[in-house]
Protein chains: 2
Amino acid sequence: MAKQVATNITWHEGHVEREHRNKLLKQRGATIWFTGLSASGKSTIAFTIEHALVERGHLAYVLDGDNIRHGLNKNLGFSPEDREENIRRIGEVSKLFAEAGLLTLTSFISPYRADRDRARQIHEKAGLAFIEVFVEASVELCEQRDPRGLYAKARAGEIPEFTGISAPYEEPLKPEIVLDTEQLTVVESAQTVLDCLVQRGLLAGG
Amino acid sequence: MAKQVATNITWHEGHVEREHRNKLLKQRGATIWFTGLSASGKSTIAFTIEHALVERGHLAYVLDGDNIRHGLNKNLGFSPEDREENIRRIGEVSKLFAEAGLLTLTSFISPYRADRDRARQIHEKAGLAFIEVFVEASVELCEQRDPRGLYAKARAGEIPEFTGISAPYEEPLKPEIVLDTEQLTVVESAQTVLDCLVQRGLLAGG
């Protein structure tokens, strides 16, 4: 054997208990699920919260189109079946992250209530908090913002089945948080979510 | 707005940098990829390392059949295409975990060299360490151990395409670590991997 460099180790077989992770990370793993139209502000708010959490010594991670669509879900398109599978996989991955102890922020339009509810169910079945955040903005306002020109393309028929234009968005019926982005700034929105995490005891450890 | 309970926050938009995560976790995110026959000892060794790392204040998480096959990959079977997609997804998820800063331990037979190499490539392209650990044991020994009676079922023809019996296992050509489980105890194997993590500077932060 090579020279032993890692010393003073207690060896155990078997799984690490959740409480052990919570204590190490001083938080409880959970998923904060952002849903809303394209350009409603989901990712901007999610990344602002991620940054604030890491600054405060908490481990958070954002799952969004950039790291999911080009990787895990690159073999999925935008048909109804593929959209459902897209959200199913994100639900499963966010649950794994939450189990590992992270505060996981997911930022996807996730337009269908049934798909979001399935993501909630697998978390709750595993005893993990699931906080649905409805990032609210009217189609009109999102279309005005249109930072990536997607609404313009959708209106021109270049993007079929675009949520809010040619495909439905089903608003959450009982989200834990509603962020009215026509009234709140990004920082106010992020603060609202952070306050919710504190109030639910997710940042207090154990 | 509700009462502000989280205070003294510096607000930033944009992504958390990798160095910031490393500093917070006192480690560098990486994937330790265990490959080997059924009953070679992959999961036992992986969980022993996970436990030792968490004991020492490091964040580690095992991805294995239990949390992947019943969740993310429950819509996959054992055809060659599904086996490839199984390992592709695990590669992508382990990369996300490593990006989030975790020491990610994957425990899957992963019999095909090309599939493992693809998992390695996506890590290395992202500047993340990928440590392939070949958990070595002869088919004969694994068949003697057969803790779940799978080899017996495979011999009886009840499990088609069983790695080592009726489906190939392609040994790694240049794994970072080889664990000869016919010679090493579980603790000696775990120690060997842990020493490698120390030597590669993955546990030193920054």
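Analysis parameters
The residue numbers shown here count from 1 along each chain, following its written sequence. Chains carry letters from A onward and ligands carry numbers from 1 onward, assigned in written order. Only residues with pLDDT of at least 70 are given local features in this predicted model, and only at 80 or more are side-chain atom pairs given and counted; all residues enter the totals for whole chains, interfaces and linings. In this text, helices come from DSSP runs of H or I with a minimum length of four residues, and strands from runs of E with a minimum of two, each type numbered from the N-terminal end. Neighbour counting defines burial: a residue surrounded by 20 or more other C-beta atoms within 10 Å of its own C-beta is buried, one with 12 or fewer is exposed, and intermediate counts give partly exposed, using backbone-placed C-beta atoms. For every residue pair, C-beta atoms are placed from the backbone, and the pair is scored as a contact if these atoms sit within 7 Å. Three classes are used, and their members are as follows: Ala, Val, Leu, Ile, Met, Phe, Trp, Tyr, Cys and Pro are nonpolar, Asp, Glu, Lys and Arg are charged, and the others, Gly among them, are polar. For two strands to be treated as a pair, DSSP must find at least two bridges joining them. The angle between two axes is taken between their N-to-C directions and runs from 0 to 180 degrees, where each axis is a line fitted to C-alpha atoms and a helix contributes only its stretch in contact. In these notes, a nonpolar core means any group of buried Ala, Val, Leu, Ile, Met, Phe, Trp, Tyr and Cys residues linked to one another through C-beta atoms within 7 Å. An angle counts as roughly parallel when it lies under 35 degrees, as roughly antiparallel when it exceeds 145, as roughly perpendicular when it falls between 65 and 115, and as oblique in every other case. We call a crossing left-handed when the near helix sits turned anticlockwise from the far one by less than a right angle, and right-handed when that turn is clockwise. In this comparison the copies share one frame, found by least squares on the C-alpha atoms of residues holding pLDDT of at least 70 in both.

Caption draft 1: Representation of the overall build of chain A. Regarding its fold elements, chain A presents 8 helices and 5 strands. Principal axes of the C-alpha set define a box for chain A whose edges measure 65 × 35 × 30 Å. Split into buried and exposed, the 206 residues of chain A put 44% on the buried side. The long-range share in chain A, meaning contacts at least 24 apart out of those at least 6 apart in sequence, stands at 76%.

Caption draft 2: Representation of the interface of chain A and chain B within the structure. Tallying the contact residues gives 49 residues for chain A and 49 residues for chain B. Every element with two or more residues in the side of chain A that touches chain B is listed here: α1 (18-25), α2 (42-55), α3 (65-72), α4 (80-99) and α8 (186-199) of chain A. The element best represented in the side of chain A that touches chain B is α8(A), accounting for 10 residues. Residues that form the side of chain A that touches chain B fall into these classes: 24 nonpolar, 16 polar and 9 charged.

Caption draft 3: Geometry of the sheet that holds strand β3 (residues 103-107) of chain A. All names here are of chain A. The 5 strands lie next to each other as β2-β3-β1-β4-β5, forming an open sheet whose pairing is parallel. Each edge of the sheet is formed by a strand with only one pairing partner; in this case those strands are β2 (60-64) and β5 (177-180). When the angles between neighbouring strand axes are averaged without regard to direction, this sheet yields 20°. Along the sheet face, α8 touches β1 (30-35), β4 (129-136) and β5 and points at about 170° away from the line of β5.

Caption draft 4: Structural detail: the nonpolar core. Judged by nonpolar contacts, the single largest core of 104 residues is most densely connected at A:I49 and B:I49. Apart from residues no more than four positions distant in its own chain, A:I49 is found in contact with A:A60, A:L105, A:A190, A:V193 and A:L194.

Caption draft 5: The environment of A:R200, seen in detail. Within the element layout of this structure, A:R200 appears in the segment after α8. Taking the C-alpha atoms as reference points, A:R200 and A:R28, separated by 172 residues in sequence, lie 9.9 Å from one another.

Caption draft 6: Representation of the packing of α2(A) against α8(A) within the structure. Residue and element names in this part refer to chain A. Contact pair α2 / α8: the axes reach a minimum separation of 9 Å and the direction vectors enclose 60°. Considered as vectors, α2 and α8 are oriented oblique to each other. α8 is crossed by α2, and the crossing has right-handed handedness. For the pair α2 and α8, contact is made by T44, I45, T48, I49 and A52 and by V186, V187, S189, A190, V193 and L194, respectively. Taken together, the residues of the contact of α2 with α8 break down into 8 nonpolar, 3 polar and no charged.

Caption draft 7: Highlighting the relation of the copies chain A and chain B. When chain A is fitted to chain B, the residual RMSD is 0.0 Å, and the transformation amounts to a turn of 180° plus an axial shift of 0.0 Å. As the rotation angle and translation indicate, the two copies are arranged about a two-fold axis.

Caption draft 8: Layout of the pairing of β4(A). All names here are of chain A. Taking burial as the measure, the 8 residues of β4 include 7 buried ones, the bulk of the element. Bridging between β4 and β5 involves 4 bridges; their strand directions are parallel. Within the sheet, the bridge partner assigned to E136 lies in β5 and is D180.

Caption draft 9: Summary view of the sheet that holds strand β2 (residues 60-64) of chain B. Residues and elements named next belong to chain B. A sheet is described by the order of its strands in space; here 5 strands give the open sequence β2-β3-β1-β4-β5, paired in parallel fashion. What marks the edges here is a single partner per strand, and that holds for β2 and β5 (177-180). This sheet shows a mean twist of 20° between the axes of neighbouring strands, independent of strand direction. Docked against the sheet, helix α5 (residues 113-125) engages β1 (30-35) and β4 (129-136), running at close to 155° with respect to β4. Packing of helix α8 (residues 186-199) onto the sheet brings it into contact with β1, β4 and β5, and relative to β5 it is tilted by some 170°.

Caption draft 10: A look at unusual backbone geometry. The backbone phi angle of A:A39 is positive, close to 75°, even though this residue is not glycine. Positionally, A:A39 belongs in the loop between β1 and α2. Although it is not a glycine, B:K26 adopts a positive phi angle of roughly 55°. Within the secondary structure, B:K26 sits in the loop between α1 (18-25) and β1.

Function cannot be inferred from these measures alone, as they are strictly geometric.
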